[in-house]
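# Fold and contact review
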Amino acid sequence: MFRYYLRLGALSIRANPALSALMVAAIAIGIGAFMSMFTIRYIMSGNPIADKSDQLYYVRVDNWDPSEPYDEPNEPPEQLTYLDATALYQAGKASRQVVSFMSMRVIEPQGEEAKPSQIETRATTADFFAMFDVPFAYGSGWDKKSDDTEEFVAVLGQAMNEQLFGGEDSVGEMITMNGESYRVVGVLDYWSPVPLFYDLNNNPYNEPGKVFLPFSVAVAGEHGSAGNTSCWKPVGDGGTAAFLASECIWMQMWVELHSQSERQEYLQFLDAYVEQQKLVGRFPRELNNRLDNVEEWMEYNEVVDEDVGVLLGLAILFLVVCLLNTIGLILAKVLRRAKDTSLRRALGANKSAMFSQYFVEASMIGAAGGLLGIVMTWLGLRGIENLFSEYEFVGKLVQMDWVMMLAAVALAIVSALAAALYPTWRACNVTPATQLRIQ
Amino acid sequence: MLQMKNVSKIYRTDTVETHALREFSLIVDEGEFVSVTGPSGSGKTTFLNIAGLLEELSGGVYELDGRDISSLSDKERSKVRNEKIGFIFQSFNLIPELNIFDNVDVPLRYRGFTAAERKKRIVDSLEMVGLASRLQHMPAQLSGGQQQRVAIARALAGEPRFLLADEPTGNLDSNMAESVLDLLSEINESGTTIIMVTHELALADRAKRNIFVRDGSVSDGPPDLHLAKAAGE
């Protein structure tokens, strides 16, 4: 019977083209508005490393001002000092550990006509690539020995390799940044986690660094941080050495732990470390160390802007208004066909058969509305992108994937079915004789 | 057999209560051709709608083939309508978007027949009414008489035991009306029970038995078409 209902649906749509088009448009506009906002929220709140997110923990220890917490009610700082980052890293208590910070370098392309440009780099340790499942197109990351020996090696992001070497395998090639030569050991495949979970202290929708280089090289070379840096007491004189020895926070640290017991053991280790530091006059506050997994860390950082939630709420209301309009249109259409319904009932169709017939037709309208809704969503997202074109990261939030497209069609069909429920119920409950009597 | 005993039908609005049928009792045996006449508003069509399970009765007992209809669910009533009853309406009630083949197909779809079985029944029934060559025609391409023949074919395709006709010739000229009545007589001869509501006494005369309805009840005494004619006037 399904094919029969499909045919009846097509005939009905063809018989009432204007009314059908209005219904499709109402659903499509509602879906377009809703899906535009939902897509942005979906991408913002997506888990960029779902397979491992409960094994990766962001490390925080509370070295902050004794007179006031870093953040209310009693949150420890969101980054680590150089002293703590390197001490915890060198202790090596987790199966993998990574320290990193964002920096800026001037890259000098080969070729006389190419101009130098300032790029974002990430200074990190060898485990970064394995820990965060970073895909490689060519070569691999550096090893721990390179960290220890401050070797001038680099991993290029896909875009950087495209820019410098036309996308070819550049492993073994040399690049120059701020007058220093680095040997390329690896080139990333496309990799653009959204949000950029490993560094939420800066814009969570930034692109990953264009070049990755050893933490030890960056520190020794005094690359300096290009990210957020906060201090609760003066650094004092002494240049870089004083800054590295200060209570300023500017580094991120992640550890990989495979079970709750490992997490518990690592927290105990952090507590022991802080107690030890208290003995030398640091960490004036009470023990307040944290290990947050990826989802907890994103939630804490509120990577989903509150305004997006408000806009999503408005979009839902708009969708509801569109559906109410659709209910009215379906009601008008169904009531116009009350005689047809009564005739079919007289000829043997029971109520569930009539429901099925109208629901299949509503699904067809919904599917058409969903497809048009995808176009509307695409237009909506392009509009948002143009409106905020000065922000590079917005481009990453306005991408529709297959999941979103299928969701748009599914939502449109469900919406159309919901809208058809009341009109169909009314039509099926009309006494057949009432309509057939009308001559 | 169709049997109604003290059947009543009351239409209610907020302020008005209308008794369309009162103490309506009737037995129609297998194979009968019964005409139902009576003045306008006497309850003829209401009786036919209740007989065809298109309306629920307010009181009394209605049994079809010995089964009490009032206790049936919507699904069961639909099944009875589909399998046992065929309808012929004054205004034909064909679906304008469907061609003749598909119009006759409608009740068969709800019966669950295979495609081959449906096709055979459609062709056979359209052959019976002389329209087998018009399978692909749309209703609007046919004359009124032809449309009513299609409606008869639709009613017959499921081989119902009862054929309920409400003013089947009301929208036809006398020649077409005559040919439709000939067809109904032929169908009755083959064993189908026919109950036909009409206000045209000459047509009612073609039935084997006539009943006269007045004020929602079967009138006392033997039906007299000439008296009925006078009452109708």
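Everything numeric here is computed off the predicted structure, so don't read it as measured data.

### A closer look at the pairing of strand β2 (residues 96-108) of chain A
Residue and element names in this part refer to chain A.
- Direction of pairing for β2 relative to strand β9 (residues 252-256): antiparallel, over a ladder of five bridges. Each residue of the ladder has a partner; that of Val 99, found in β9, is Met 253.
- In this structure, β2 lies alongside strand β3 (residues 117-124), joined through eight bridges in antiparallel fashion. Along β3, the bridge assignment pairs Ile 107 with Ser 117.
- Across two bridges, the pairing between β2 and strand β6 (residues 174-177) is antiparallel.

### Looking at the sheet that holds strand β8 (residues 193-197) of chain B
All names here are of chain B.
- Ordered in space as β6-β7-β8-β3-β9-β10, the six strands form an open sheet in which the pairing is mixed. Edge strands, defined here as strands with exactly one partner in the open sheet, are β6 (85-88) and β10 (217-218).
- The sheet contact formed by strand β7 (residues 162-166) and β8 spans five bridges and is parallel. Across the sheet, the residue bridging to Leu 164 is Ile 195, located in β8.
- Along the sheet, helix α5 (residues 144-157) makes contact with β6 and β7, crossing β6 at roughly 175°.

### Some points on the interface of chain A and chain B
- Listed by partner, the interface residues are 20 residues for chain A and 21 residues for chain B.
- Broken down by secondary-structure element, the contributors of at least two residues to the side of chain A that touches chain B are α1 (2-15), α12 (338-346), α13 (351-387) and α16 (432-436) of chain A.
- No other element matches the four residues that α12(A) contributes to the side of chain A that touches chain B.
- Its residues placed into classes, the side of chain A that touches chain B shows 12 nonpolar, four polar and four charged.

Cut-offs and rules
Residues numbered from 1 in each chain as written. Chains lettered and ligands numbered in written order. Predicted model: local features only at pLDDT ≥ 70, side-chain atom pairs only at ≥ 80, totals over all residues. Pairing = 2+ DSSP bridges. Helix = DSSP H or I, 4+ residues; strand = E, 2+ residues; numbered from the N terminus. Contact = placed C-beta atoms within 7 Å. Axes fitted to C-alpha atoms, helices over the stretch in contact; angles between N-to-C directions. Nonpolar A, V, L, I, M, F, W, Y, C, P; charged D, E, K, R; others polar.

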